[in-house]
Amino acid sequence: MKRGIIYFIEIIICLVLQSSLYPFISLANVMPNLLIILVVSTAYMRGKTTGMIIGFFSGLLLDILYGNLIGLYALFQMLIGYMAGFANAIYSEDDYTLPLVFVAIGDFIYQFLYYVFEFLLRGKLDFPYYFRTIIVPEIIYTVAAATIVYKLLHMVNHRLIRDENKEE
Amino acid sequence: MRRRARYNFKPKHGLIVGVILCIILIILSFRFEGIFYPVRNAVGTVITPMQQGINTVGTFISDRMETLKNIRELIQENKKLKDQVSVLSYENKLLLQNKYELDELRKLYELDQKYFDYPKVAARIIDKDINNWYNVFTIDKGTKDGLAVDMNVLAGSGLVGIITECYYNHSVVRAIIDDKSAVQGMFLKTSDTCFVQGDLKLMEKGKIRVNFISKDAQIEDGYEVVTAHTSPKYLQGILIGYVSDIKLDSSNMTKTAYLTPAVDFERLSEVLIITELKEPLIKELPEEDPSID
């Protein structure tokens, strides 16, 4: 229950920060994708199920707020969360580099899916252009942001585990 | 979904359920636009204030950052501008000095036009006594320039005083407001004569006393007083000032009044000296001057 509330708060914080701080922390017109960081790192730390749930709800929220179709982002994020969950098998508490790689991969998948559904289906075929101007900068920025965000999330997770153990 | 996860269903099943749910949602929202409007509205209502709050904080912080960034630039700019200001103010001072000089010279030129009968020499006041007002001052022309003792000194629109000492390259002038000074004056309109006498007490008010006005004189405030033809040293017809506060003396024989000089003695820097003396002209002038009946 506590964990659920914490995750909910995390989702809200990431969403609000990302949407409202856009003018202040954007570089070269791209924003770090904080929600992907959240989904991937949580999945990495907690496994497929948690990653999937977080992905679903954060995506749903994103859909409700910004999307045209309810459920599209939810689907993307859920898939990413699920896939990132596989990395949980090699989860190590002291490793701060590996999650960055997963975040990069996750972000790429997210961007790619986004491109396929929002651009390719409308007949925009110039993938290399979008890859160069949007996807790569965003991945770089997201990874850079993840170095900090992951540490925070990891800290929160650590706390939660400790508290849970105490209760037991 | 959450319940499934808790009951330890396999994640794979959860995923399948989730995907199906998502697809249903997508189809629903694609088919029936606006079906999720209430949900969107509700969530938006909750999230928007948060965004606004964060936005306010963000704006505040970015403003501060901007300010900090600007401060450095401003300091540099300020330094540069200060240098510029000192240069410019120096130049400005020079220009202002020139302007004052020009003004003074223009005034003198006008005066020159007014009293054009008399040959004149312009001079600058180079030394003044330490009072607020000049009583006695030194000018930068002397016998070298044809000046002599008892020559009349003018400025602006009226009489300033008389040369009391004359040296090779400078002269000393006593102003009419000096306590020792006494000039025989005359009301331009009525030709009543009077004595314009400097008074130390009145000097601060910027006035001169006027004595020995005939009790019958029909004078009023604001009448012009000029130098009289009877004056032994002053050329006649030079404006001294304007009379005010006329009173009958206790002797009931004469009137006394105050006179405001036509010249602003506090701000005097350039003067004109009439290089003709009174004596040689005394026989001819009364007939020539129209102001005398």
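Parameters at a glance
Residues numbered from 1 in each chain as written. Chains lettered and ligands numbered in written order. Predicted model: local features only at pLDDT ≥ 70, side-chain atom pairs only at ≥ 80, totals over all residues. Heavy atoms only, no water. Helix = DSSP H or I, 4+ residues; strand = E, 2+ residues; numbered from the N terminus. Buried < 20%, exposed > 50% of the residue type's maximum accessible area, 1.4 Å probe, protein only. Contact = heavy atoms within 4.5 Å. Areas by Shrake-Rupley, 256 points an atom, 1.4 Å probe, with all protein chains shown as cover. Buried area = accessible area lost by both parts, 1.4 Å probe. Salt bridge = Lys/Arg side-chain N within 4 Å of Asp/Glu carboxyl O. Polar contact = N/O pair within 3.5 Å; in protein donor to acceptor, adjacent residues only side chain to side chain. Nonpolar A, V, L, I, M, F, W, Y, C, P; charged D, E, K, R; others polar. UniProt positions renumbered as here; feature names shortened; annotations may be inferred. pLDDT = per-residue confidence, 0-100. Axes fitted to C-alpha atoms, helices over the stretch in contact; angles between N-to-C directions. Parallel < 35°, antiparallel > 145°, perpendicular 65-115°, else oblique. Left-handed = near helix turned anticlockwise from the far one by under 90°. Pairing = 2+ DSSP bridges.

**Student:** Where do I start with the overall build of chain B in this structure?
**Tutor:** Assigned secondary structure in chain B consists of 6 helices and 12 strands. Counting all 293 residues of chain B, 35% fall into the buried class. Pairs at least 24 residues apart make up 59% of the contacts formed inside chain B by residues separated by at least 6 positions. Of the roughly 18,300 Å² of accessible surface on chain B, a fraction of 56% belongs to carbon and sulfur atoms.

**Student:** Honestly, the interface of chain B and chain A in this entry has me stumped. Any pointers?
**Tutor:** When the parts come together, some accessible area is lost, and that loss is often what is quoted as the size of the interface. Tallying the contact residues gives 28 residues for chain B and 31 residues for chain A. For the chain B and chain A pair, buried surface summed over both sides reaches about 2,600 Å², with 79% attributable to carbon and sulfur atoms. At the boundary of chain B and chain A, one finds 0 salt bridges. Our count for the chain B to chain A interface comes out at 2 residue pairs in polar contact (both at pLDDT 80 or more). Considering only residue class, the side of chain B that touches chain A consists of 16 nonpolar, 9 polar and 3 charged.

**Student:** Would you mind going over the environment of Gly161(B) with me for this structure?
**Tutor:** Residues and elements named next belong to chain B. Take glycine 161: it is sitting in strand β4 (residues 158-166). On the accessibility criterion, glycine 161 (0% relative accessible area) is buried. In this structure the C-alpha to C-alpha distance between glycine 161 and isoleucine 240, which are 79 residues apart in sequence, comes to 9.6 Å. If we skip the residues at most four places from it in the chain, glycine 161 touches Met151, Asn152, Val153, Val173, Arg174, Ala175, Ile176 and Tyr234.

**Student:** Help me out: how do you make sense of the UniProt feature "transmembrane region" (unreviewed entry) in chain A in this one?
**Tutor:** Taken from the UniProt record, the annotation "transmembrane region" (unreviewed entry) applies to residues 5-24, 30-47, 96-117 and 129-150 of chain A. Measuring from the first to the last C-alpha atom of residues 129-150 of chain A gives 30 Å, for a span that is 100% helix and 0% strand.

**Student:** Would you take a moment to explain the confidence of the model for chain B for this structure?
**Tutor:** Close reading of the predicted structure is inappropriate where its pLDDT is low. Residues and elements named next belong to chain B. Confidence in the prediction for chain B averages 78 pLDDT; 85% of positions are at 70 or higher. For the stretch residues 288-293, pLDDT sits under 50, and the model shows 9 contacts to residues farther than four places along the chain or on other chains. On the interface metric, ipTM, the complex scores 0.76, and its pTM is 0.49.

**Student:** Teacher, can you tell me more about the packing of helix α3 (residues 34-46) of chain A against helix α4 (residues 48-66) of chain A here?
**Tutor:** In a packed pair of helices, the relevant descriptors are the angle between the two axes and the axis-to-axis distance. Residue and element names in this part refer to chain A. It is the contact of α3 with α4, at a shortest axis distance of 8 Å, that shows an interaxial angle of 165°. By the angle between their axes, α3 is roughly antiparallel relative to α4. Remark: the crossing between α3 and α4 carries right-handed chirality. Residues Leu35, Leu38, Val39, Thr42, Ala43 and Arg46 of α3 form the contact with α4, whose participating residues are Thr50, Gly51, Ile54, Gly55, Ser58 and Leu62. For the contact of α3 with α4, the per-class residue count stands at 6 nonpolar, 5 polar and 1 charged.

**Student:** Would you explain the packing of α4(A) against helix α2 (residues 11-31) of chain B in this entry?
**Tutor:** Relative to each other, α4(A) and α2(B) sit at 10°, their axes nearing to 9 Å. One element, α4(A), and the other, α2(B), form an angle in the roughly parallel class. Read as a crossing pair, α4(A) and α2(B) show a hand that is left-handed. Residues Lys48(A), Thr49(A), Met52(A), Phe56(A) and Leu60(A) of α4(A) form the contact with α2(B), whose participating residues are Pro11(B), Gly14(B), Leu15(B), Gly18(B), Leu21(B), Cys22(B) and Leu25(B). In terms of residue class, the contact of α4(A) with α2(B) is made up of 8 nonpolar, 3 polar and 1 charged.

**Student:** How should I be thinking about the pairing of strand β11 (residues 254-261) of chain B in this particular structure?
**Tutor:** Across a regular strand the side chains alternate sides, sitting on one face of the sheet and then on the other. Residues and elements named next belong to chain B. The buried count for β11 comes to 7 of 8 residues, which makes it a mostly enclosed element. Strand direction decides the pairing type here: strand β8 (residues 208-214) and β11, joined by 5 bridges, are antiparallel. By the bridge assignment for β11, isoleucine 208 is matched with leucine 259. Remark: 5 residues form the turn of the hairpin made by strand β10 (residues 239-248) and β11, two consecutive strands paired antiparallel; asparagine 252 in that turn has positive phi of roughly 65°.

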